[in-house]
Amino acid sequence: MSELRDDPVFYGRVHTLVRQIPPGKVSTYGDVAAMVGGGSDGRAVGLAMAALGPDNADVPWQRVISRDGTISTRGLRQSELLEAEGVTFDAQGRVTMARHRWAGPDAAWCAANRYTPLPPRPPEPEQLELF
DNA sequence: CAGATGACTCCCA
DNA sequence: CTGGGAGCCATCT
């Protein structure tokens, strides 16, 4: 019985963390990898996302995007799902990271589940669209 | 164990 | 903007 995709421990940790991302917020592959820890990186997280199946329908994979706020997937309507959750995009079709970037789960949750909190990041000035 | 694959990220021309 | 190359990791053959 290996129907489950959570067999590998790493995948399970990634999926668990992605489930914590609230609607309207997004995170990046690199950030997820940093929180999962273990020296993993964004590429490994991408694998965990690619391995998602019907069993992981409860994982909001669409909230995990590239560092630049761009959508890596093609043909999966990821941007539409995000837009439906209230995520905004700029004129260049990228997610407004300064506004929707997820700072990570609660510190207590991180400690309880052995996840690494994201390092504090100075608030980036949201760029206004100039006409 | 080596090689290939992939929803990454950074740097440079 | 596009393209190429390098470094990184997890999983499957």
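In what follows, the structure referred to is the one given above.
What you are looking at is a predicted structure, and each value in this text was computed from that prediction instead of being measured. (Residues numbered from 1 in each chain as written. Chains lettered and ligands numbered in written order. Predicted model: local features only at pLDDT ≥ 70, side-chain atom pairs only at ≥ 80, totals over all residues. Heavy atoms only, no water.)

1. Thoughts on the pattern of salt bridges
One pass over the full model with this rule turns up 6 salt bridges. A salt bridge links Asp 31 to Arg 67, with the shortest nitrogen-to-oxygen separation between them at 3.2 Å. Of this pair, Asp 31 sits in helix H2 (residues 29–36) while Arg 67 sits in the loop between strand S2 (64–65) and helix H4 (78–84); the two residues are 36 residues apart in sequence, bridging distant segments of the chain. In this structure Asp 31 comes out as buried when scored by relative accessible area, which is 5%. With its nearest N and O atoms 3.8 Å apart, the salt bridge here joins Glu 80 to Arg 77. Within the structure, one salt-bridge network assembled from shared partners comprises Asp 31, Arg 67 and Arg 101. (Salt bridge = Lys/Arg side-chain N within 4 Å of Asp/Glu carboxyl O. Helix = DSSP H or I, 4+ residues; strand = E, 2+ residues; numbered from the N terminus. Buried < 20%, exposed > 50% of the residue type's maximum accessible area, 1.4 Å probe, protein only.)

2. Some details on the nonpolar core
In this structure, Val 14, Leu 17, Val 18, Val 32, Val 45, Met 49 and Val 64 are the most contacted members of the largest nonpolar core, which totals 20 residues. Broken down by secondary-structure element, the contributors of at least two residues to this core are helix H1 (9–18), H2 and helix H3 (42–50). Sort the elements by how many residues they give to this core and H2 lands first, with 5 residues. Dropping the residues within four chain positions of it, Val 32 is found in contact with Val 14, Leu 17, Ser 27, Val 45 and Val 64. Core analysis: the second largest hydrophobic core is formed by 7 residues, Ile 65, Ile 71, Leu 82 and Val 95 among them. (Core = buried A, V, L, I, M, F, W, Y, C linked by side-chain atoms within 4.5 Å. Contact = heavy atoms within 4.5 Å.)

3. With respect to the protein's contact with DNA strand B
What surrounds DNA strand B is a group of 14 residues, the closest being Tyr 29, Arg 43, Leu 47, Trp 61 and Arg 67. Each atom of DNA strand B within 4 Å of the protein was assigned to sugar, phosphate or base; sugar and phosphate come to 47%. A distance of 3.4 Å separates a sugar or linking oxygen of DNA strand B from a polar atom in the backbone of Gly 42. Residue assignment for the surface near DNA strand B shows that the elements contributing at least two residues are H2 and H3. Among the elements that line the surface near DNA strand B, the one with the most residues is H3, at 6 residues. Broken down by class, the residue content of the surface near DNA strand B amounts to 5 nonpolar, 7 polar and 2 charged. (Near = heavy atom within 4 Å. Polar contact = N/O pair within 3.5 Å; in protein donor to acceptor, adjacent residues only side chain to side chain. Nonpolar A, V, L, I, M, F, W, Y, C, P; charged D, E, K, R; others polar.)

4. Here's the deal with the packing of aromatic side chains
This structure, assessed with the given rule, holds 2 aromatic pairs. With a centroid separation of 6.4 Å and 55° between ring planes, the pair formed by Phe 10 and Tyr 11 is classed as tilted. The class of Phe 10 is partly exposed, set by a relative accessible area of 22%. Between Trp 109 and Tyr 115 the ring centres are 5.0 Å apart and the planes differ by 35°, which places this aromatic pair in the tilted class. Residue class for Tyr 115 comes out buried when judged on its relative accessible area of 7%. The ring of Tyr 115 has Arg 13 sitting right over it, with the charged end atom 4.1 Å from the ring centre. (Phe/Tyr/Trp six-rings, centres within 6.5 Å; stacked < 30°, edge-to-face > 60°. Lys NZ or Arg CZ within 6 Å of the ring centre and 35° of its normal.)

5. Details of the packing of H1 against H3
Geometry of a packed helix pair, given as the angle between the helix axes and the separation of the axes. Orientation of H1 relative to H3, taken along the N-to-C sense of each, is 85°, at an axis distance of 9 Å. The orientation of H1 relative to H3 falls into the category roughly perpendicular. Within the contact between the two elements, H1 uses Phe 10, Tyr 11, Val 14, His 15 and Val 18 and H3 uses Ala 44, Val 45, Leu 47, Ala 48 and Met 49. Of the residues assigned to the contact of H1 with H3, the class counts are 9 nonpolar, 1 polar and no charged. (Axes fitted to C-alpha atoms, helices over the stretch in contact; angles between N-to-C directions. Parallel < 35°, antiparallel > 145°, perpendicular 65-115°, else oblique.)

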